[in-house]
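Fold and contact review
Here's the letter readout for the chains.
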Amino acid sequence: MTQTMLPPAFADLERFALTWCLKTESERYARRLASPMQELIDFYDACFPRVEDALAYCDKFPLEELPEDAIHLLHLVYSLVMVAMAVEIFQQPKPVDSADAELARVCAPWP
Amino acid sequence: MSKVVHEPATPHRWPRPPEGTWTQHYPELGTSMMSFEDSVSPEFFELEREAIFKRAWLNVGRVEQVPKTGSYFTKELDVARASIIVVRDRDGAVNAFHNVCRHRGNKLVWNEFPRAETSGTCRQFTCKYHGWRYGLDGGLNFVQQEAEFFDLDKAELGLSPVHCEVWAGFIFVNLDATPRQTLREFLGPMITDLDGYPFDKMTEWYEFSADNQSNWKLFADAFQEYYHVPGLHSQQVPSAVRTPGKGFECAHFQVDGPHRMVSTGGARRWTMPPEFMYPIERVTRSGLVGPWESPELGELPKGLNPGRIEPWGIDNFQIFPNIEILIYHGWYLLYRYWPTSYNSHRFEGMLCFQPARTVRERVEHEVASVVFKEFALQDAGMLTGTQTALESAYRTAGLTEFPVNDQEILVRHFHKAVADWVDVYRHDLAGTDAR
Ligand code: FES
Ligand SMILES: [Fe+2]
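Residues numbered from 1 in each chain as written. Chains lettered and ligands numbered in written order. Predicted model: local features only at pLDDT ≥ 70, side-chain atom pairs only at ≥ 80, totals over all residues. Heavy atoms only, no water.

Here is the UniProt Cofactor (unreviewed entry) comment for chain B, exactly as written: "Fe cation". (UniProt positions renumbered as here; feature names shortened; annotations may be inferred.)

Per an unreviewed UniProt entry, the recorded name for chain A is Xaa-Pro dipeptidase, and the organism is Nocardia fluminea.

Quick look at the structure:
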């Protein structure tokens, strides 16, 4: 039996888990920049309709006591937010007109 | 002299001062073209180090970074060629010291690399070189093989203090030997009227850092006018409802001493029809201006929304020289610009929220943080272009003056405040020479 990362109710998103369950914003941003647009769109199209369910699932637990599979699910939601910027707003992985600018997130709450 | 006939003025969205423009309301600002030589001149930058960064009160952090006895952090103030330690002592006071050992001048507190900032908690500071130890009050407590020294007076060899004061939880230092003003005097009424704002409740932080290839003032300029928003950030509004050629008008401007503020007003994004929002904003109930709803804060200080704008959007306070506090509904943004040379600086940005109580609230904060970065990257991307073009304008193209409009009044005021401080410094220098 293969190891799953997400709660069973989200088996339909399992195929994205390895790529997009990323712990930090830097990893998610880097993954977005490195992904072809079509892959971002595929991920977005599959994930966006499941956001409500994902939030409802995670919210069954106290924020500080999320089980591991719910944390993975939350990270997938964070990745969706990251990818939505490219898909909904810029129609390209990198923000339009951002040239060579970088902005590193150096601290954020967990999870 | 022939009289110029103006077209009838377009009606303004927001009331203006009796003079007709914000800029003319502050006559000392003038309305002429401006020079940005202060952003391209290495000589001027050397003056700024002395005139501004070694004389002004500088915000280096928040009290939450030193929560208990012995909590400390270091700050590299390259612009003033100083490194400092900020530490909470046994009496609960926050103190600052030069990060220099009094024995042979080694950098006292650092972790892996001497040039990198660090933080932590300790009972005392021990120099890595020969093991001298200092208390949290800066006193020299222990000298290795003390008897080998000659007339060593430990009482005289404590850490060199730096003036340090706290306002509203913001820790400020002043590198001047004798600061010309207390912190409160320096901040003045426009800023200190924010007293009581619950900054201390907003302890969930998303911090960003960037090295930018531009003068520190140019990035600050990009965040103290909204004139550029429809141009540079057209994507802030979904394309279906974008109005080409539409401008943006700020609701209120105010200056006080070297500091300044601007308020925006207008319908909240989410009270508009759904097509004004991106799908991700609708599903997470958060976005460009943060969470739609934040926990209530109770009564707010009189310094907030000083123009009494209704509906109120954002207050954007710029505290001279290099800090900016943007107060949104229930959360705030903090920016700092630390010059590293005449054409480069380190940017620090912090989004500060009331701690999330649920996953949904955490996601709201994440969304605000992600959207913030997208659009800040556009501002930052622009800067290299501004810096290099301004430099060539001055050095090659013979262009030295640029028009600045009423919506850009804070840019005008900022560069004037910088020039004023440099003038005072030059004057003081001349006075010293004459003596
Ligand atoms: S330089 Fe610090 S103990 Fe010698
Ligand atoms: Fe901007």
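**Things to note about the coordination of the iron ion (ligand 2)**
Residue and element names in this part refer to chain B. Looking at the metal site, the iron ion (ligand 2) is ligated by H228 (NE2), H233 (NE2), D379 (OD) and D379 (OD), spaced 2.0 to 2.6 Å from it. Summarised as a motif, the one-chain spacing of the donors to the iron ion (ligand 2) is H-x4-H-x145-D. Here H233, found in the loop between α5 (229–232) and β12 (252–256), pairs with D379, found in helix α7 (residues 359–397); they are 146 residues apart in sequence, far enough to count as distant. Across the pair, exposure class does not vary: H233 and D379 are buried alike. (Donors = N, O, S within 2.8 Å, 3.2 Å for Na, K, Ca; no water. Helix = DSSP H or I, 4+ residues; strand = E, 2+ residues; numbered from the N terminus. Buried < 20%, exposed > 50% of the residue type's maximum accessible area, 1.4 Å probe, protein only.)

**Side note on the nonpolar core**
Soluble, globular proteins show a tendency: their nonpolar side chains are buried together. W167(B) and I327(B) are the most contacted members of the largest nonpolar core, which has 155 residues in total. Formed by 17 residues, the second largest nonpolar core is a distinct cluster that contains Y72(B), F97(B), L108(B) and V109(B). (Core = buried A, V, L, I, M, F, W, Y, C linked by side-chain atoms within 4.5 Å.)

**Overview of the state of the cysteines**
Evaluation of the coordinates by the stated rule reveals 0 disulfides over all chains. The cysteine C107(A) is free of any disulfide, with C352(B) supplying the nearest cysteine sulfur at 9.4 Å. The class of C107(A) is partly exposed, set by a relative accessible area of 29%. (Disulfide = S-S within 2.5 Å.)

**Some details on the environment of T21(B)**
All names here are of chain B. As for its position among the elements, T21 is in the segment before α1 (22–25). Given a relative accessible area of 21%, T21 falls into the partly exposed group. T21 sits 388 residues away from I409 along the chain, and the two C-alpha atoms are 9.6 Å apart.

**Section: helix α3 (residues 183–192) of chain B**
Of all 10 residues making up α3(B), 7 are buried, and the element is well covered by its neighbours. Along α3(B), the positions that sit buried rather than exposed are L183(B), F186(B), L187(B), G188(B), M190(B), I191(B) and T192(B).

**Considering the interface of chain B and chain A**
In this assembly, 37 residues from chain B lie in contact with 42 residues from chain A. Counting each side, the surface lost to burial between chain B and chain A is near 3500 Å², with a carbon and sulfur contribution of 67%. Joining chain B to chain A, the criterion identifies 6 salt bridges. With a shortest N-O distance of 3.0 Å, E366(B) and R105(A) are connected by a salt bridge. Here chain B and chain A share 15 residue pairs in polar contact (both at pLDDT 80 or more) between them. At the level of elements, β11 (204–212), α6 (279–284) and α7 of chain B are the ones that each hand at least two residues to the side of chain B that touches chain A. Element by element, the count of residues in the side of chain B that touches chain A is highest for α7(B), at 20 residues. Of the residues contributing to the side of chain B that touches chain A, the split by class is 22 nonpolar, 7 polar and 8 charged. (Contact = heavy atoms within 4.5 Å. Buried area = accessible area lost by both parts, 1.4 Å probe. Salt bridge = Lys/Arg side-chain N within 4 Å of Asp/Glu carboxyl O. Polar contact = N/O pair within 3.5 Å; in protein donor to acceptor, adjacent residues only side chain to side chain. Nonpolar A, V, L, I, M, F, W, Y, C, P; charged D, E, K, R; others polar.)

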